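Coordinate inspection notes
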Amino acid sequence: MNSRERVLGRVRRALADDRGEGPAAPTSASRLPRDYLRTHGERSERERTALLAEHLTEYRAHVHRADPDGLPELIARLLDARGARRVLVPAGLPPHWLSAAVQEPVPDRAEDTAAALDRVDSVLTGCALAIAETGTLVLDGGPDQGRRRITLVPDHHICVVRVPDQVVCSVPQAVARLDPTRPQTWISGPSATSDIELDRVEGVHGPRTLDVVLVGSDGPGRACAGDGGPG
């Protein structure tokens, strides 16, 4: 048996164990301890949204608030301020989000090349959820989000988060809500990287500018601590 066969054999055994088709292995995911904290402290819906906004701002994202009726006007102002002429839109984006905008909507098409996407000024999407403790937006290719690459190539991304329903406290809570079979993109601020001298460069791996719009009411509501217990 060569190295390739040994590696593939281990993969097959691991997959069989996860499906309940073989004896449990010591490294099986089902036997990993999961008694870690799911959240760090108790937060109301309002506090959860405030923490998300705080962390997004720390990552140099621009955070905006709007009620549902004011969302189209805010999106139009953000596009105008950017000087955008064309905005990329996923197929399932709510039409009224762009009802006040004068920019040309560009549909998300599978045949578009990276060069074509690069000629678009902005992209507007929703999200699957947002994580307060890490300031992270998660996209999973849903109808109002489109394919992964449409939020990686254009230089300006406007992402709408519905609060409080789409805001969770922690990464464990997010993982529990997400479908692991969907293509996920986790975004914490605009794209940025640093070289060995710590010179920050933005826009290398994705949008240089990220506008996050928090839409809805984040009243006192229910707290999220201990949601589901250790998982």
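Attention in this report is confined to the structure presented alongside it. (Residues numbered from 1 in each chain as written. Predicted model: local features only at pLDDT ≥ 70, side-chain atom pairs only at ≥ 80, totals over all residues. Heavy atoms only, no water.)

**Focus on the side chain of Ser122**
- Its place among the elements puts Ser122 in strand β4 (residues 122-125).
- Only 2.7 Å separates the side chain of Ser122 from the side chain of His156, close enough to count as a polar contact.
- Once residues lying within four places of it in the same chain are set aside, the contact partners of Ser122 are Leu79, Arg82, Ala84, Arg86, Val87, Leu88, Pro154 and His156. (Helix = DSSP H or I, 4+ residues; strand = E, 2+ residues; numbered from the N terminus. Polar contact = N/O pair within 3.5 Å; in protein donor to acceptor, adjacent residues only side chain to side chain. Contact = heavy atoms within 4.5 Å.)

**Considerations on the environment of Asp121**
- Inspection of the secondary structure assignment puts Asp121 in the loop between α4 (114-118) and β4.
- Its relative accessible area of 22% is what places Asp121 among the partly exposed residues.
- Through-space distance from the C-alpha of Asp121 to that of His157 is 9.1 Å; in sequence the pair is 36 residues apart.
- Ignoring anything within four residues of it in the chain, the contact list for Asp121 reads Ala84, Arg85, Arg86, Asp155 and His156.
- Of the polar contacts made by the side chain of Asp121, one reaches the backbone nitrogen of Arg85; its length is 2.9 Å.
- Within the local environment of Asp121, its side chain forms a polar contact with the backbone nitrogen of Arg86, the two atoms lying 3.0 Å apart. (Buried < 20%, exposed > 50% of the residue type's maximum accessible area, 1.4 Å probe, protein only.)

**Things to note about the layout of surface pockets**
- A volume near 280 Å³ is recorded for the largest pocket.
- Broken down by element, the lining of the largest pocket gets its largest block of residues, three residues, from strand β9 (residues 185-187).
- By residue class, the composition of the lining of the largest pocket is eight nonpolar, eight polar and two charged. (1 Å grid on protein atoms, 1.4 Å probe; cavity = no way out; pocket = protein on both sides within 12 Å on 5 of 7 lines; lining within 4 Å. Points joined across faces, edges and corners; volume = space filled by probe spheres on them. Nonpolar A, V, L, I, M, F, W, Y, C, P; charged D, E, K, R; others polar.)

**Quick notes on the side chain of Ser170**
- Here Ser170 lies in the loop between β8 (167-168) and α5 (171-177).
- In this view, Ser170 contacts Arg38, Thr39, Ile131 and Glu133; residues no more than four positions away in its chain are not counted.

**What about the nonpolar core?**
- Residues Ile75, Leu79, Leu98, Leu124, Val160 and Val213 are the most contacted members of the largest nonpolar core, which totals 19 residues.
- Going through the elements one at a time, α3 (71-82), β2 (86-89), β7 (156-163) and β12 (209-216) are the ones with two or more residues in this core.
- Here this core takes six residues from α3, the largest share from any one element.
- The contacts of Val160, once residues within four sequence positions are left out, are Leu71, Ile75, Trp97, Leu124, Thr125, Gly126, Cys127, Gln166, Val213 and Val215. (Core = buried A, V, L, I, M, F, W, Y, C linked by side-chain atoms within 4.5 Å.)

**Some words on unusual backbone geometry**
- Here the residue pair Val163 and Pro164 is connected by a cis peptide bond, since its omega of 5 degrees sits within 30 degrees of zero.
- As for its placement among the helices and strands, Pro164 is situated in the loop between β7 and β8.
- One non-glycine residue, Arg60, adopts positive backbone phi at about 75 degrees.
- By secondary structure assignment, the location of Arg60 is in the loop between α2 (45-58) and β1 (62-66).

**A few points about the sheet that holds strand β5 (residues 129-131)**
- Strand order in the open sheet formed by four strands is β8-β5-β6-β9, with mixed pairing between adjacent strands. On the outer flanks of this sheet lie β8 and β9, each paired with one strand and no other.
- In this sheet, β9 lies alongside strand β6 (residues 136-139) in antiparallel orientation, the contact comprising three bridges. Within β9, the residue paired with Val138 across the bridge is Trp186. (Pairing = 2+ DSSP bridges.)

**Here's the deal with α2**
- Between the first and last C-alpha of α2 there are 20 Å, a value that for 14 residues agrees with the 20 Å anticipated at 1.5 Å per step.
- Looking at α2, one finds that the buried residues are Glu45, Arg48, Thr49, Leu51, Leu52, Ala53, His55 and Leu56.
- If you follow the buried residues of α2, they end up packed against β1, β5, β6, β7, β8 and β12.
- Looking one or two places after α2, you find Arg60, whose phi comes out positive at around 75 degrees. (Expected span 1.5 Å × (residues − 1).)

**Describing a nonpolar patch on the surface**
- A contiguous nonpolar surface patch, about 240 Å² in accessible area, is contributed by Val7, Val11 and Leu15.
- Position of Val7 among the secondary structure elements: in helix α1 (residues 3-18). (Patch = residues over 30% accessible without salt bridge, like charges linked within 9 Å, V, L, I, M, F, W, Y side chains within 5 Å. Areas by Shrake-Rupley, 256 points an atom, 1.4 Å probe, with all protein chains shown as cover. Salt bridge = Lys/Arg side-chain N within 4 Å of Asp/Glu carboxyl O.)

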